[in-house]
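Examination of the molecular architecture
So you can see what is in the structure, the chains are spelled out below.
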Amino acid sequence: MSTVHTYPHVSPEEAASHIFHGATVAFSGFTNAGAAKVVPRAIAERAKALHDREEPFKIRVLTGASSGTSIDEPLAQQNAMSYRAPYQSGPKLRSQINNQEVEYVDMHLSHLPQTVLAGFHGNIDFAVIEASELKSDGRVYLTSSIGASPAYLKYADKVIIEVNHYHSQRLREMTDIFMLPPPPHRFPVPFHDPLTKLGYPYAVVDPRKVIAVIENDESDKIPQFADGDERGDKIAEHVVRFLLDEMLAGRIPKEFLPLQSGVGNVGNGVMAALARNPYIPPFSMYSEVFQDSLVDLMESGRLTAASTTSLTLTPEVLKRIYDNMDFFAPRIVLRPQELSNHPGVIRRLGVISINTALEVDIYGNVNSSHVFGTDIMNGIGGSGEFTRNAYISIFMCPSIAKGGKISSIVPMCPHIDNNEHSVQIIVTDQGLADLRGLGPMQRAEKIIENCAHPAYREYLWKYIETARTGHIPHDLEKCFELHLNLMETGSMLPDLDLNEIAGV
């Protein structure tokens, strides 16, 4: 006869009291969706109290992805972190990382469970996981994200569960959880479309590891993205025209292919533009996040199915889903990030990836994470996994920023997240460069002519003319001149008339 396990229900403060200085703590959350909420705040308060007594307290933090408002910022504000992986967001933590006060490991998100198993992040002392329900036999029904929570529940020494009654119990109808065995015993993941399910609607934990349960009723803290602008609209138009031309040329089948879109305004704008075009058929998504704009598309019938690891939705939009689960539950699948970002599945399904860049160099290398090649913004996220394995990989960015002081097209990126071998399409508000089948000089000509802002084209052409001849021409004395100018004067080309270029 099986034992019925009872769990200790405690306050957030009592749960936080278990966390010791130097502990490695793995939190649920992929963005702020499904993130632990009350325990991270209590840990931050514990850190403040200990620091006020001049006692040391810092922890090593893992999540599924960024969890700025719920986890990163409360802990960073109290100087309570010494280590962070695999992705982060939040101005205070970003500053601490760039000042070498917090060690940050930026990594491909699908790699996380395997690196946890291998011990590269140290022993996982605690997992703090949000759930809609915890059963006495160890079944854990997760909430609005899956992320790496199944792995953390398995590998952590001790587990704290936040049972959040805000979330719909019917999320389990969307959830598909299974964990890959370690190499060499892995099997092909037989996903044949975004809605394929192979696993269970719950994660599992050894009940004996659960040391605390805390109940709450808080919504996810997902901020609303700002409305798009004229440059974003132009980028979206270029992307839609390109995909339509690809379909007419027979390189995209008439039933279309699954899409992946990164987080942000530009990605939302592209998805909306695709939905408005009557010649683009209804489409599906195989992605890592499901954002506000996609709810309208699904309700209208333009988006037919979506695989994701996170419902990154503002509270109002998430409530729309919870109020209409009969419609949404059969059309959305929530998976662990090891599967939502699985390279083999991305390649097999022929996913078209659409991501944003900070800057692109004239040969097609992309920097999406670092300013000046030194200061982290957020991280690579899932863009590398999708870009490297996509059927078509697209990167987008405005041609200029800061009113023209910054060009997004530069001679050489001082940091590269996705290199020329994986990046196929570059899009700015100026136009689109299709780099497939082109050599380095052909790529440079396309990018400068089609994507660079007119105010910077002359500089970029002159750079190529004076560069050292080679397979990839560069002038190593001047390749970072624009970045150095920006650091020294506040503008990449100090003599530019910003008023003149503003409307171009």
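Residues numbered from 1 in each chain as written. Predicted model: local features only at pLDDT ≥ 70, side-chain atom pairs only at ≥ 80, totals over all residues. Heavy atoms only, no water.

Description of the overall build of the chain
The secondary structure content of the chain amounts to 18 helices and 24 strands. For the chain, the C-alpha radius of gyration of 23 Å lies close to 23 Å, the compact-globule estimate for 504 residues. The principal-axis extent of the C-alpha atoms belonging to the chain is close to 75 × 60 × 45 Å. Burial statistics for the chain: of 504 residues in total, 58% are counted as buried. Residue pairs at least 24 apart in sequence account for 72% of intrachain contacts in the chain once pairs closer than 6 positions are excluded. Accessible surface, the chain as shown: approximately 20300 Å² in total, 51% of it carbon and sulfur. In the chain, 44 side chains carry a positive charge and 60 a negative one; their mean positions are 5 Å apart. (Helix = DSSP H or I, 4+ residues; strand = E, 2+ residues; numbered from the N terminus. Rg over C-alpha atoms; globule rule 2.2 N^0.38 Å. Buried < 20%, exposed > 50% of the residue type's maximum accessible area, 1.4 Å probe, protein only. Contact = heavy atoms within 4.5 Å. Areas by Shrake-Rupley, 256 points an atom, 1.4 Å probe, with all protein chains shown as cover. Lys, Arg positive; Asp, Glu negative; His and termini not counted. Charge placed at Lys NZ, Arg CZ, Asp CG, Glu CD.)

Observations regarding unusual backbone geometry
Following alanine 85, the chain continues to proline 86 via a peptide bond in cis, the omega torsion being -5°. Along the chain, the position of proline 86 falls in the loop between strand E3 (81-85) and helix H4 (91-98). Look at the link from proline 183 to proline 184: it is a cis peptide, with omega at 5°. Residue placement: proline 184 occurs in the loop between strand E7 (158-164) and strand E8 (203-204). Within the chain, glutamate 54 stands out as a residue other than glycine whose phi angle is a positive 60°. Relative to the elements of secondary structure, glutamate 54 occurs in the loop between helix H2 (38-52) and strand E2 (59-62). You can call glutamate 54 exposed: its relative accessible area is 75%.

Quick look at the pairing of E7
Two faces make up the sheet, and in a regular strand the side chains alternate between them. Summarising burial for E7: six of the seven residues are buried, a large majority. Here E7 pairs with strand E9 (residues 210-216) via six bridges, running parallel. If you follow valine 159 over to E9, its bridge partner there is valine 210. (Pairing = 2+ DSSP bridges.)

Side note on the domain arrangement of the chain
For the chain, the assigned domains are domain 1 (2-216) and domain 2 (351-504). Tallying the contact residues gives 14 residues for domain 1 and 12 residues for domain 2. Here domain 1 meets domain 2 over a buried area of about 960 Å², counting both sides, of which 49% is carbon and sulfur. The three residues of domain 1 that bury the most area against domain 2 are Tyr87, Asn98 and His108, which together make up 43% of that side's buried surface. At the junction of domain 1 and domain 2, the tally comes to zero salt bridges. Where domain 1 packs against domain 2, one counts nine residue pairs in polar contact (both at pLDDT 80 or more). Per-element accounting of the side of domain 1 that touches domain 2 gives the leading share, three residues, to H4. Counted by class, the side of domain 1 that touches domain 2 contains five nonpolar, seven polar and two charged residues. (Domains from an automatic or database assignment. Buried area = accessible area lost by both parts, 1.4 Å probe. Salt bridge = Lys/Arg side-chain N within 4 Å of Asp/Glu carboxyl O. Polar contact = N/O pair within 3.5 Å; in protein donor to acceptor, adjacent residues only side chain to side chain. Nonpolar A, V, L, I, M, F, W, Y, C, P; charged D, E, K, R; others polar.)

Quick notes on helix H10 (residues 315-323)
Among the residues of H10, those classed as buried are Val317, Leu318, Ile321 and Tyr322. End-on, the buried residues of H10 take up no more than an arc of 150°, which puts them together on one face. Looking at H10, the residues exposed on the side facing more than 90 degrees away from the buried face are Glu316 and Asp323. Buried residues along H10 sit in contact with helix H9 (292-300), helix H11 (325-328) and strand E13 (332-334). (Arc of directions from axis to C-beta.)

Quick look at the pattern of salt bridges
Two side chains carrying opposite charge are able to pair once their charged atoms lie near each other. In total, this model carries 26 salt bridges according to the counting rule given. Between arginine 139 and aspartate 137 there is a salt bridge, and its shortest N-O distance comes to 3.0 Å. The partner of glutamate 173 in a salt bridge is arginine 170, with the nearest N and O atoms 2.6 Å apart. The exposure class of glutamate 173 is partly exposed, given its relative accessible area of 36%. Within this structure, Glu246, Arg251, Asp434 and Arg436 form a network of salt bridges that share partners.

Digging into the side chain of threonine 115
Locating threonine 115 in the fold gives a position in helix H5 (residues 112-118). A polar side-chain atom of threonine 115 sits 2.8 Å from the main-chain carbonyl oxygen of leucine 112. Contacts of threonine 115, omitting those with residues within four sequence positions, involve Met107, Phe120 and His121.

With respect to the packing of aromatic side chains
By the definition in use, this model includes seven aromatic pairs. Taken together, a centroid distance of 6.5 Å and an interplanar angle of 50° make the contact between phenylalanine 256 and phenylalanine 283 tilted. In this pair, phenylalanine 256 sits in the loop between helix H7 (230-248) and strand E10 (259-261) while phenylalanine 283 sits in strand E11 (residues 283-286), placing the two residues 27 residues apart along the sequence. In this structure phenylalanine 256 comes out as buried when scored by relative accessible area, which is 4%. (Phe/Tyr/Trp six-rings, centres within 6.5 Å; stacked < 30°, edge-to-face > 60°.)

Remarks on the sheet that holds strand E15 (residues 359-361)
Taken together, the three strands give an open sheet; going across it, the order is E16-E15-E22, and neighbouring strands pair in mixed fashion. The open sheet has two edge strands, strand E16 (366-367) and strand E22 (409-410), and neither has a second partner.

Some details on the environment of histidine 165
Along the chain, the position of histidine 165 falls in the loop between E7 and E8. Setting aside anything within four residues of it in sequence, one finds histidine 165 in contact with Glu215, Asn216 and Asp217. Reaching out from histidine 165, the side chain makes a polar contact with the side chain of glutamate 215 at a distance of 2.6 Å.

Remarks on the pairing of strand E23 (residues 425-428)
Of the two faces of E23, the one lined by Ile425 and Val427 and the one lined by Ile426 and Thr428 are each fully buried. Here strand E19 (residues 392-396) pairs with E23 via three bridges, running parallel. Bridge assignment links isoleucine 394 to a residue of E23, and that residue is isoleucine 425. Bridge count for E23 against strand E24 (residues 431-434) is four bridges, and the pairing is antiparallel.

Some points on the packing of helix H15 (residues 440-450) against helix H16 (residues 454-466)
Contact geometry for H15 and H16: axes closest at 10 Å, N-to-C directions at 165°. The angle between H15 and H16 places the two elements in the roughly antiparallel class. Between H15 and H16 lies a crossing of left-handed hand. Contacts between H15 and H16 involve Met441, Ala444, Glu445, Ile448 and Glu449 on the former and, on the latter, Arg457, Leu460, Trp461 and Ile464. Considering only residue class, the contact of H15 with H16 consists of six nonpolar, no polar and three charged. (Axes fitted to C-alpha atoms, helices over the stretch in contact; angles between N-to-C directions. Parallel < 35°, antiparallel > 145°, perpendicular 65-115°, else oblique. Left-handed = near helix turned anticlockwise from the far one by under 90°.)

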